[in-house]
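Each chain, written out:
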Amino acid sequence: MHIWRFVVLAAVAATVSALTGCSYSTGLGAQSSNPMAARLVAQADAVPTPTLTWTPCQEPELDRYQCATTEVPVDYAQPNGAKLELAVIRQLARDPAARIGTLFAAAGGPGDSGFGWAASGELFPGEVSRRFDVVTFDQRGVGRSAQIRCFADPVEQQQFWQGTAIPPANKEQERADERSSREHAAGCATHGAGLVGHLTTVDAARDLDLLRRAVGEPKLTYQGGSYASYLGAVYGALFSDRVRALQLTSMIDPEAYTSDTRSVIAETAIGTQEVLGEFLRLCAQAGGARCAFASGPATEADLRSRDDALLARSRRGPIMVGTGDGSVGLTYDEIVQAHATLLYDPDQGWPRLARVLAELERGAAGDANVVREVLRASTMTPGYLDSYTAISCADNTFARHPESWPSLAEEVAEVAPVYGPFWLYMRQPCASWAAPKDGYPQRYSGPWGLRSDVPALLFNNRFDPATPVTAAYRAERTLRNARLVVVTDGYGHQPSGACVTALQERYLIDLELPAHGTACTVDRPPFAG
């Protein structure tokens, strides 16, 4: 399996303060009438405020930032027990005289690195970065913050992921995936034993509250997208009285994500399929000059038929591009993953997907280097997939029968034949996961109502391949104290454009909400050239 990059974008983060030494008490969060929420908040408040000592980051790609680490409890029920180190990174406000405070962020996934996101360039260029310190971090179990270990060494890890077909193309691969899923779950339990029971998003939300205290902010200002929208929802549910602003994008419905994961997978797969249809439609409209896959027959129906033919061909064996030693072969699972992940990004991902499909059709006459370049640009580390699995299994709900995955895949394939199995098999290890016997005592499943003074501001693209707009409408109702803005002609997994930026800035800076029913449009459509 090529380890494709899940482009799940998040948001922004923090400043510093030297509050240390004592436990914290400002009263419990807004759900304090819920005994479980009250217990989870009280456990976090019992932990002394950590210290962040900022120093210049050492890596050249991070030289604009300050870095710090701090210790947090592995298990909040035992605040004096084992600790793990959280790695944190800060971008100072460009205009200190106009600085409002700290804007916190978390990368998405789950499993993306805040440090990796920061290395890609300035965080939130424009008015937000002028007025806020921006801080992000690697969530526990990710990257520099106690990366979860599931294998004896990196070689074993790499070999495992390269040999795993998600989704499987045939019965033999289904049986192999079942064995691999059990092996992966057992490996995480063995090599990550001290951490694997403490990777719920509740744990991450409590870490986030400690960081808020560490920088001296009385209330949290937060921006996060995709999985990080779920982290924001968890924080808001537990700590509503400590929220200044929650700006969430590419929405996950927290109720379904926690309690009905199979329906979330089906909904996501339907969304991926719908966005593929838009990709094919707009590619046909753009023509071969702007969309490489539109050469030759170029109606939407033509392109859909050709795409279906490539997928069917790859089920029988790899499709070879190029000849001789320089050729490259793509398997069914790799092509499905290419579709699902490159659809995240209409600006760069869609043209790359079109080019790969065109080269696959050309076969021996195709350019293998183009295919390799796209694969290289889209790969993600095995560590990401280990983190994705461990955090998902802690938060999601699945029957504990990995052998039932083929029948579950058949069910979801009725509504999304290609992408249903893809999203389902990503989580197959959860069926064998070494969860605590009586469940995670810190796992939170609601209520989700946000009781902050200022409602949350939500954004979602109309055509999102991973977090469909239907989930965003449900999330708005679930949070209750929230307002959703849909980018009506928006494609991909990250709402963007001048309209989104302006509304986001007014909300984060001035706490101004757009009027009910406000919608945005994009600045330029896909394949605009």
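Basis of the calculations
Residues numbered from 1 in each chain as written. Predicted model: local features only at pLDDT ≥ 70, side-chain atom pairs only at ≥ 80, totals over all residues. Heavy atoms only, no water. Helix = DSSP H or I, 4+ residues; strand = E, 2+ residues; numbered from the N terminus. Rg over C-alpha atoms; globule rule 2.2 N^0.38 Å. Buried < 20%, exposed > 50% of the residue type's maximum accessible area, 1.4 Å probe, protein only. Contact = heavy atoms within 4.5 Å. Areas by Shrake-Rupley, 256 points an atom, 1.4 Å probe, with all protein chains shown as cover. Lys, Arg positive; Asp, Glu negative; His and termini not counted. Charge placed at Lys NZ, Arg CZ, Asp CG, Glu CD. Expected span 1.5 Å × (residues − 1). Arc of directions from axis to C-beta. Polar contact = N/O pair within 3.5 Å; in protein donor to acceptor, adjacent residues only side chain to side chain. Core = buried A, V, L, I, M, F, W, Y, C linked by side-chain atoms within 4.5 Å. Axes fitted to C-alpha atoms, helices over the stretch in contact; angles between N-to-C directions. Parallel < 35°, antiparallel > 145°, perpendicular 65-115°, else oblique. Left-handed = near helix turned anticlockwise from the far one by under 90°. Nonpolar A, V, L, I, M, F, W, Y, C, P; charged D, E, K, R; others polar. pLDDT = per-residue confidence, 0-100. Pairing = 2+ DSSP bridges. Phe/Tyr/Trp six-rings, centres within 6.5 Å; stacked < 30°, edge-to-face > 60°. Lys NZ or Arg CZ within 6 Å of the ring centre and 35° of its normal. Salt bridge = Lys/Arg side-chain N within 4 Å of Asp/Glu carboxyl O.

Participant: Any details on the overall build of the protein chain? Residues and values, ideally.
Facilitator: The helix and strand tally for the protein chain stands at 18 helices and 12 strands. For the protein chain, the C-alpha radius of gyration of 23 Å lies close to 24 Å, the compact-globule estimate for 529 residues. Taken along the three principal axes of its C-alpha coordinates, the protein chain extends 65 × 50 × 45 Å. When burial is assessed residue by residue, the protein chain has 61% of its 529 residues classed as buried. Put simply, of all contacts in the protein chain between residues at least 6 apart along the chain, 79% involve residues at least 24 apart. Only carbon and sulfur atoms are counted for the fraction: they give 51% of the accessible area of the protein chain, which is about 19,300 Å². Both charge centroids of the protein chain, one from 47 positive and one from 59 negative side chains, sit 2 Å from each other.

Participant: Got a sec to walk through helix α5 (residues 171-191)? Specific residues and values, please.
Facilitator: Between its first and last C-alpha, α5 extends 30 Å over 21 residues, near the 30 Å set by a 1.5 Å rise per residue. All of the buried residues in α5 are E174, D177, S180, S181, H184, A185, G187 and C188. The buried side chains of α5 occupy one side of the element, clustering within an arc of 160° when seen end-on. Turned more than 90 degrees away from the buried face of α5, the exposed residues are E172, R175, R179 and T190. With a side-chain oxygen lying 3.2 Å from the backbone nitrogen of E172, the N-terminal cap of α5 falls on N170.

Participant: Before we move on, can you summarise the nonpolar core with the specific residues and values?
Facilitator: Ranked by size, the top nonpolar core spans 136 residues in total, and within it Y222, L238, F279, F293 and L360 carry the most contacts. Top contributing element to this core by residue count: helix α9 (residues 261-286), with 11 residues. Not counting residues within four places of it along the chain, the set of residues in contact with F279 comprises L343, W350, L353, A354, L357 and F527.

Participant: Any details on the packing of helix α11 (residues 332-342) against helix α12 (residues 349-362)? Residues and values, ideally.
Facilitator: In a packed pair of helices, the relevant descriptors are the angle between the two axes and the axis-to-axis distance. Across the interface, α11 lies against α12 with an axial gap of 9 Å and an inter-helix angle of 155°. Comparing their axes, α12 and α11 come out roughly antiparallel. Judged by the sense of rotation from one axis to the other, the crossing of α11 with α12 is left-handed. Residue-level contacts link I335, A338, H339 and L342 of α11 to G349, W350, R352, L353, L357 and L360 of α12. Each residue belonging to the contact of α11 with α12 can be placed in one class, and the counts come to seven nonpolar, two polar and one charged.

Participant: Mind laying out the confidence of the model for the protein chain, listing which residues take part and the relevant values?
Facilitator: Taken over all residues, the pLDDT of the protein chain has a mean of 91, while the share at 70 or more is 93%. Ignoring residues within four places in sequence, the model shows residues 2-31, a span with pLDDT below 50, making 153 contacts including any to other chains.

Participant: Can you explain the pairing of strand β4 (residues 101-105)? Please cite residues and give values.
Facilitator: On any regular strand, side chains alternate: one points to one face of the sheet, the next to the other face. Among the five residues that make up β4, five are buried, leaving the element largely enclosed by the rest of the structure. In terms of strand pairing, β4 meets strand β5 (residues 132-137) through four bridges, oriented parallel. When the bridges of β5 are listed, F104 appears paired with V135. Relative to strand β6 (residues 220-225), β4 is paired through three bridges, and the arrangement is parallel. Bridge pairing in β6 places F104 opposite Y222.

Participant: Give a detailed account of the packing of aromatic side chains, specifying residues and quantitative values.
Facilitator: Tallying each qualifying case throughout the model produces 16 aromatic pairs. Measuring from ring centre to ring centre gives 5.5 Å for W350 and Y491, while their planes differ by 65°; the resulting arrangement is edge-to-face. In this pair, W350 sits in helix α12 while Y491 sits in strand β11 (residues 482-491), placing the two residues 141 residues apart along the sequence. A residue is classified by how much of its surface remains accessible, and W350, at 0% relative accessible area, is buried. Here the aromatic residues Y227, Y230, Y257, Y444 and W448 are joined through ring pairs into a cluster of three or more. Looking at R306, its charged tip hangs above the ring of F293, at a distance of 4.6 Å from the centre. Over the ring of Y332 we find R315; its NZ or CZ atom is 4.3 Å from the centre of that ring.

Participant: Report on the pattern of salt bridges, specifying residues and quantitative values.
Facilitator: Evaluation of the coordinates by the stated rule reveals 27 salt bridges. The salt bridge partner of R474 is D253, with a shortest N-O separation of 3.0 Å. Placement of the pair is R474 in helix α17 (residues 469-479) and D253 in the loop between β7 (243-249) and α8 (254-259), with a sequence separation of 221 residues. The residue R362 makes a salt bridge to E359 at a minimum N-O spacing of 3.0 Å. Linking R362 with E359, this pair stays in helix α12, spanning three residues, or about one helical turn. The class for R362 is partly exposed, based on a relative accessible area of 46%. Members of the salt-bridge network, linked through shared partners, are D45, D209, R212, D241 and R242.

Participant: Please provide a residue-by-residue account of the packing of helix α1 (residues 35-45) against helix α6 (residues 201-214), values included.
Facilitator: Where α1 meets α6, the axes come as close as 10 Å, and the angle between the chain directions of the two elements is 45°. Our classification of the angle between α1 and α6 gives oblique. In this structure, α1 meets α6 at a crossing whose hand is right-handed. On the side of α1, the interface is formed by L40, Q43, A44 and D45, while α6 contributes V202, R206, D209, L210 and R213.

Participant: Report on the sheet that holds strand β10 (residues 456-463), specifying residues and quantitative values.
Facilitator: Across a sheet, strands are paired by hydrogen bonds formed along the backbone, either parallel or antiparallel in direction. As summarised here, the arrangement of the 10 strands in space is β1-β2-β3-β5-β4-β6-β7-β10-β11-β12, forming an open sheet in which the pairing is mixed. The strands lining the two open edges of the sheet, one partner per strand, are β1 (55-56) and β12 (519-520). On top of the sheet, helix α18 (residues 498-510) reaches β4, β5, β6, β7, β10, β11 and β12; it is set at about 165° to β7, its chief contact.

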